[in-house]
There are 2 protein chains.
Amino acid sequence: MSKLSLVNLPKTAKGLETLERIRKAAEILFSEKGYYNTSVTDITTAASVAPGTFYIYFSDKKSVFRYLLEDMSHSLRSEIGLAIKDCDSRYDKEYLGFKTFFDFVKKHSGLYKIIWEAQFVDNEMFKEYYENFAERYILKIREAQQVGELKDLDPKILAYSLIGISNFIGLKWVIFDNQAVPDEVIHEIMRFIRGGAFKA
Amino acid sequence: MSKLSLVNLPKTAKGLETLERIRKAAEILFSEKGYYNTSVTDITTAASVAPGTFYIYFSDKKSVFRYLLEDMSHSLRSEIGLAIKDCDSRYDKEYLGFKTFFDFVKKHSGLYKIIWEAQFVDNEMFKEYYENFAERYILKIREAQQVGELKDLDPKILAYSLIGISNFIGLKWVIFDNQAVPDEVIHEIMRFIRGGAFKA
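Just so it is clear, the structure is predicted and the values come from calculations on it, not from any experiment.

**Examining the side chain of Thr-18 of chain B**
All names here are of chain B.
Argument step 1. Mapping Thr-18 onto the fold places it in helix H1 (residues 13-33).
Argument step 2. Overall, Thr-18 belongs to the buried group, its relative accessible area being 9%.
Argument step 3. Sequence-distant contacts of Thr-18, that is, excluding residues within four places in its chain, are made with Val-49, Thr-53 and Tyr-57.

**Some words on the interface of chain A and chain B**
Argument step 1. Each side of the interface is counted separately: chain A has 56 residues, and chain B has 56 residues.
Argument step 2. Considering only the surface of chain A that becomes buried against chain B, Phe-120, Phe-168 and Phe-198 of chain A emerge as the three largest contributors, covering 16% of it.
Argument step 3. Two residues, Lys-172 of chain B and Glu-131 of chain A, come together in a salt bridge whose shortest N-O distance is 2.7 Å.
Argument step 4. Where chain A packs against chain B, one counts 22 residue pairs in polar contact (both at pLDDT 80 or more).
Argument step 5. The set of elements that each furnish at least two residues to the side of chain A that touches chain B consists of helix H2 (13-33), helix H6 (90-107), helix H7 (109-114), helix H8 (118-121), helix H9 (123-146), helix H10 (155-176) and helix H11 (183-195) of chain A.
Argument step 6. Broken down by element, the residue count for the side of chain A that touches chain B peaks at 17 residues, all from H10 of chain A.
Argument step 7. Taken together, the residues that form the side of chain A that touches chain B break down as 28 nonpolar, eleven polar and 17 charged.

**Some points on helix H10 (residues 183-195) of chain B**
Helical geometry note: an α-helix holds 3.6 residues per turn, so side chains three or four residues apart project in the same direction.
Argument step 1. Compared with the 18 Å implied by 1.5 Å per residue over 13 residues, the 18 Å span of H10 of chain B between its first and last C-alpha is a close match.
Argument step 2. Inspection of H10 of chain B places Val-185, Ile-186, Glu-188, Ile-189, Met-190, Phe-192 and Ile-193 of chain B among the buried residues, and these make up the whole buried set.
Argument step 3. In this structure, the buried residues of H10 of chain B make contact with H10 and H11 of chain A together with helix H5 (90-107) and helix H9 (155-176) of chain B.
Argument step 4. Two residues or fewer after H10 of chain B comes Gly-196 of chain B, characterised by a positive phi angle close to 85 degrees.

**A look at helix H8 (residues 123-146) of chain B**
Argument step 1. Taking 1.5 Å of rise per residue, 24 residues should cover 34 Å, and H8 of chain B covers 35 Å from first to last C-alpha, within 8% of that figure.
Argument step 2. All buried positions along H8 of chain B are accounted for by Met-125, Phe-126, Lys-127, Tyr-129, Tyr-130, Glu-131, Ala-134, Tyr-137, Ile-138, Ile-141, Ala-144 and Gln-145 of chain B.
Argument step 3. Contacts made by the buried residues of H8 of chain B are with H10 of chain A together with helix H4 (61-84), H5, helix H7 (118-121) and H9 of chain B.
Argument step 4. Two residues or fewer past H8 of chain B, Gly-148 of chain B is found with a positive phi of approximately 80 degrees.

**Structural notes on the packing of H11 of chain A against H9 of chain B**
Argument step 1. For the pair H11 of chain A and H9 of chain B, the least separation of the axes is 10 Å and the interaxial angle reads 60 degrees. For the element pair H11 of chain A / H9 of chain B, the angle class is oblique. Considering the relative orientation of H11 of chain A and H9 of chain B, their crossing is right-handed. Judged by residue contacts, Val-185, Glu-188, Ile-189 and Phe-192 of chain A of H11 of chain A engage Ile-157, Leu-158, Ser-161, Leu-162 and Ile-165 of chain B from H9 of chain B.
Argument step 2. For the contact of H11 of chain A with H9 of chain B, the class distribution of residues is seven nonpolar, one polar and one charged.

**Overview of the relation of the copies chain A and chain B**
Argument step 1. Taken as rigid bodies, chain A and chain B are interconverted by a rotation of 180 degrees and an axial shift of 0.0 Å, the fit giving an RMSD of 0.0 Å. Overall, the copies show the geometry of a two-fold rotation axis.

**A short note on the confidence of the model for chain A**
Residue and element names in this part refer to chain A.
Argument step 1. With 98% of its residues at a pLDDT of 70 or more, chain A shows a mean pLDDT of 92.
Argument step 2. Ranking the helices and strands of chain A by mean pLDDT puts H11 first, with 98, and helix H1 (residues 3-6) last, with 62.
Argument step 3. For this predicted complex, the interface confidence score (ipTM) comes to 0.91, while the overall pTM stands at 0.91.

**Here we look at empty space enclosed by the protein**
Remark: the empty space left among the atoms is shown by a probe the size of a water molecule rolled over them.
Argument step 1. A complete count under the given rule lists one cavity of 30 Å³ or more for this structure.
Argument step 2. The volume enclosed by the largest cavity comes to roughly 40 Å³.
Argument step 3. Contributing to the lining of the largest cavity are Ala-197 and Phe-198 of chain A together with Arg-90, Glu-94, Ile-141, Leu-150, Leu-158, Leu-162 and Ile-193 of chain B.
Argument step 4. Listing elements by their share of the lining of the largest cavity, those giving two or more residues are H5 and H9 of chain B.
Argument step 5. Split by residue class, the lining of the largest cavity holds seven nonpolar, no polar and two charged.

**Description of the packing of aromatic side chains**
Argument step 1. The tally for this structure, following the rule as stated, stands at 42 aromatic pairs over all chains.
Argument step 2. Aromatic side chains Tyr-35 of chain A and Tyr-36 of chain A sit 5.0 Å apart centroid to centroid with 90 degrees between the ring planes, which places their arrangement in the edge-to-face category.
Argument step 3. An angle of 70 degrees between the planes, with centres 5.4 Å apart, marks the rings of Phe-198 of chain A and Tyr-91 of chain B as edge-to-face. Placement of Phe-198 of chain A in the segment after H11 and of Tyr-91 of chain B in helix H5 is noted, with the two residues assigned to different chains.
Argument step 4. By relative accessible area, which is 4% here, Phe-198 of chain A ends up buried.
Argument step 5. Feature note: the residues Trp-116, Phe-126, Tyr-129, Tyr-130, Phe-168 and Phe-176 of chain A together with Trp-116, Phe-126, Tyr-129, Tyr-130, Phe-168 and Phe-176 of chain B constitute an aromatic cluster, connected by ring pairs.
Argument step 6. Positioned above the aromatic ring of Trp-173 of chain B, the side-chain terminus of Lys-156 of chain A is 4.5 Å from the ring centre.
Argument step 7. One cation-aromatic arrangement involves Arg-194 of chain A over Tyr-91 of chain A; the distance from NZ or CZ to the ring centre is 4.1 Å.

Definitions and cut-offs
Residues numbered from 1 in each chain as written. Chains lettered and ligands numbered in written order. Predicted model: local features only at pLDDT ≥ 70, side-chain atom pairs only at ≥ 80, totals over all residues. Heavy atoms only, no water. Helix = DSSP H or I, 4+ residues; strand = E, 2+ residues; numbered from the N terminus. Buried < 20%, exposed > 50% of the residue type's maximum accessible area, 1.4 Å probe, protein only. Contact = heavy atoms within 4.5 Å. Buried area = accessible area lost by both parts, 1.4 Å probe. Salt bridge = Lys/Arg side-chain N within 4 Å of Asp/Glu carboxyl O. Polar contact = N/O pair within 3.5 Å; in protein donor to acceptor, adjacent residues only side chain to side chain. Nonpolar A, V, L, I, M, F, W, Y, C, P; charged D, E, K, R; others polar. Expected span 1.5 Å × (residues − 1). Axes fitted to C-alpha atoms, helices over the stretch in contact; angles between N-to-C directions. Parallel < 35°, antiparallel > 145°, perpendicular 65-115°, else oblique. Left-handed = near helix turned anticlockwise from the far one by under 90°. Least-squares fit on C-alpha atoms with pLDDT ≥ 70 in both. pLDDT = per-residue confidence, 0-100. 1 Å grid on protein atoms, 1.4 Å probe; cavity = no way out; pocket = protein on both sides within 12 Å on 5 of 7 lines; lining within 4 Å. Points joined across faces, edges and corners; volume = space filled by probe spheres on them. Phe/Tyr/Trp six-rings, centres within 6.5 Å; stacked < 30°, edge-to-face > 60°. Lys NZ or Arg CZ within 6 Å of the ring centre and 35° of its normal.

The structure is reproduced here in structure tokens:
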């Protein structure tokens, strides 16, 4: 799925600024009221643009929703990529990957929340979002298994387990309790991931 | 939150049968089309009851949604409780807890899906659902730490990590790929939880 098919990208600085206002208004409204309680008119009113202006950039409400998710997915991946680029070990990459993910969720908690509504708005997109993320994770796990850093656990099971851990820790600390995930929590997650929870 | 406040329980067998038809129709419609795309009229039509009959049992659409979640939460907890009641070790309880959870998700995949929409329909209920579940989990983890079966990891972090693992494995196998979670997958999760993913 290409971002270009979801949005009609403007060519002028003024156009880009208008698109950004619409995007931001949609992000806030979807995360506060949910997709179904938000209308295109709500978005254009909040963005202070004429009702018809919306359709210069997007064909419908679903397009702007998909655009937001696509944008989020892209930003998250590139922030994680940047954070871990100088790491040598899988251990450091996991640690910084978790840290970057939690920072991202804190910074974009509204955006993060709407991913769950995507199941109902566009189920294929929701599935793609996680499967793409897992696909890359699996490759990295395999690499770390080949160099002997990770045990030979099934990479798909391990990838979804790690995604599950990060999502539910993020849900509890950031979404439920509205706080950043402290470094000590990440260290504790790493202790669990490194050596397990059961005594030998 | 009591179930009784959400539903007006009928006193006759015929009334119970009607309530069950409404409940079932709501479960199917919410999970297929989502809460916001389903009207009370859709529910009564699918249940083959007169439009006004709905209001004998529920005050509004949100009540039936909350009733379904409350019911799911109760059933899941009691099925897990029953499955693990004769286990001596935390290890066996975890294994059977995962197995029962995955079976439950497979059997009620529609119901399981709508929990995520609860964030938008009734955020407090969504939060309560996971926090209640985690609260009980934390107690069990503490018990297993006291008898020396589990390491001294932070119980809250461990509880949310385990809930995250079960939810995302369930999401991938049952919701995305529409299959039961095989026993081998549960064994592999247990290998990870027992001894971690990194080589010593």
